[in-house]
Amino acid sequence: MDRHKLDVVSCGKTTSRAQKAITSGFFRNAARKDPQEGYRTVTDNQVVYIHPSSALFNRQPEWVVYHELVLTTKEYMREVTNIDP
């Protein structure tokens, strides 16, 4: 950040700012909870699941944004955060 002369500023306890920044960058990687199985991606309606090593695995939020998909026995989302649409 020194190179561009930008200050590093923490969001503190207002994590919604960080969630908005992540969502704006990864909006194509959004998925919504499917009532029958896992999640469905917004872009191509593909069935995906939260990776078992994720902290959100047992929580199952309604909407999530993920960083990458990993194919093992199922298509798993890695680096997942919940969002409020």
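Residues numbered from 1 in each chain as written. Predicted model: local features only at pLDDT ≥ 70, side-chain atom pairs only at ≥ 80, totals over all residues. Heavy atoms only, no water.

### Topic: the overall build of the protein
Heads up, the condition is: Comment: elements are numbered from the N terminus, with helices defined as DSSP H or I runs of at least four residues and strands as E runs of at least two. Exposure is judged per residue with a 1.4 Å probe applied to protein chains only, and the accessible area is read against the type maximum: over 50% gives exposed, under 20% gives buried, and values in between give partly exposed. Note on contacts: a residue pair is in contact if any heavy atoms of the two residues lie within 4.5 Å. Accessibility throughout is a Shrake-Rupley quantity obtained with a 1.4 Å probe, and a residue counts as covered only by protein chains that appear here. Asp and Glu are treated as the negative residues and Lys and Arg as the positive ones, with His and the ends of the chain left uncounted. Charge positions come from single atoms, namely NZ of Lys, CZ of Arg, CG of Asp or CD of Glu.
In terms of helices and strands, the protein carries one helix and five strands. Start at the N end of the protein and walk to the C end: the helices and strands fall as α-β-β-β-β-β. Each principal axis of the C-alpha distribution contributes one length, and for the protein these read about 50 × 25 × 25 Å. Each of the 85 residues in the protein was classed as buried or not, and the buried ones make up 26%. Intrachain contacts of the protein at a sequence separation of at least 6 include 41% that bridge at least 24 residues. With an accessible surface of roughly 6,400 Å², the protein has 50% of that area assigned to carbon and sulfur atoms. Taken together, the 12 basic and 10 acidic charged side chains of the protein have centroids lying 5 Å from each other.

### A few points about the sheet that holds strand β1 (residues 30-33)
Think of a sheet as strands paired side by side through backbone hydrogen bonds, with each pair either parallel or antiparallel. Here is the rule we go by: Here a strand pair is declared whenever DSSP counts at least two bridges between the two strands. All axes here are fitted lines through C-alpha atoms, helices being fitted over the stretch that makes contact, and every angle between N-to-C directions spans 0 to 180 degrees.
Spatially, β1-β2-β3-β5-β4 is the arrangement adopted by the five strands of the closed barrel, whose pairing is mixed. With strand direction ignored, the average angle separating the axes of adjacent strands in the sheet is 50 degrees. Sheet analysis places strand β2 (residues 39-41) next to strand β3 (residues 47-50), joined by two bridges and oriented antiparallel. Its bridge partner lying in β3, Y39 is registered against V48.

### With respect to the confidence of the model for the protein
Our working definition: Known as pLDDT, the predictor's per-residue confidence is scaled from 0 to 100.
Model confidence for the protein is summarised by a mean pLDDT of 89, while 99% of its residues fall at 70 or above. Mean pLDDT across the secondary structure elements of the protein bottoms out at helix α1 (residues 15-25), with 82, and peaks at β2, with 97.

### Looking at the nonpolar core
If you look at soluble globular proteins, the nonpolar side chains tend to sit buried side by side. Rules: Among buried residues, those of type Ala, Val, Leu, Ile, Met, Phe, Trp, Tyr and Cys that are joined through side-chain atoms within 4.5 Å constitute a nonpolar core.
Among the nonpolar cores identified, the biggest contains nine residues, and these are A31, Y39, V48, I50, L56, V64, Y66, M77 and V80. Secondary structure elements with two or more residues in this core: β3, β4 (63-71) and β5 (75-82). When near neighbours in sequence (up to four residues on either side) are disregarded, L56 contacts I50, P61, V80, T81 and N82.

### Focus on unusual backbone geometry
What you tend to see is this: most non-glycine residues have negative phi, and most peptide bonds are trans. A positive phi angle, close to 60 degrees, is found at N45, a residue other than glycine. Relative to the helices and strands, N45 resides in the loop between β2 and β3. Despite not being glycine, E79 has its phi angle at roughly 50 degrees, a positive value. Turning to its location among the elements, E79 is positioned in strand β5. Of the residues examined, E79 reaches a relative accessible area of 46% and is grouped as partly exposed.

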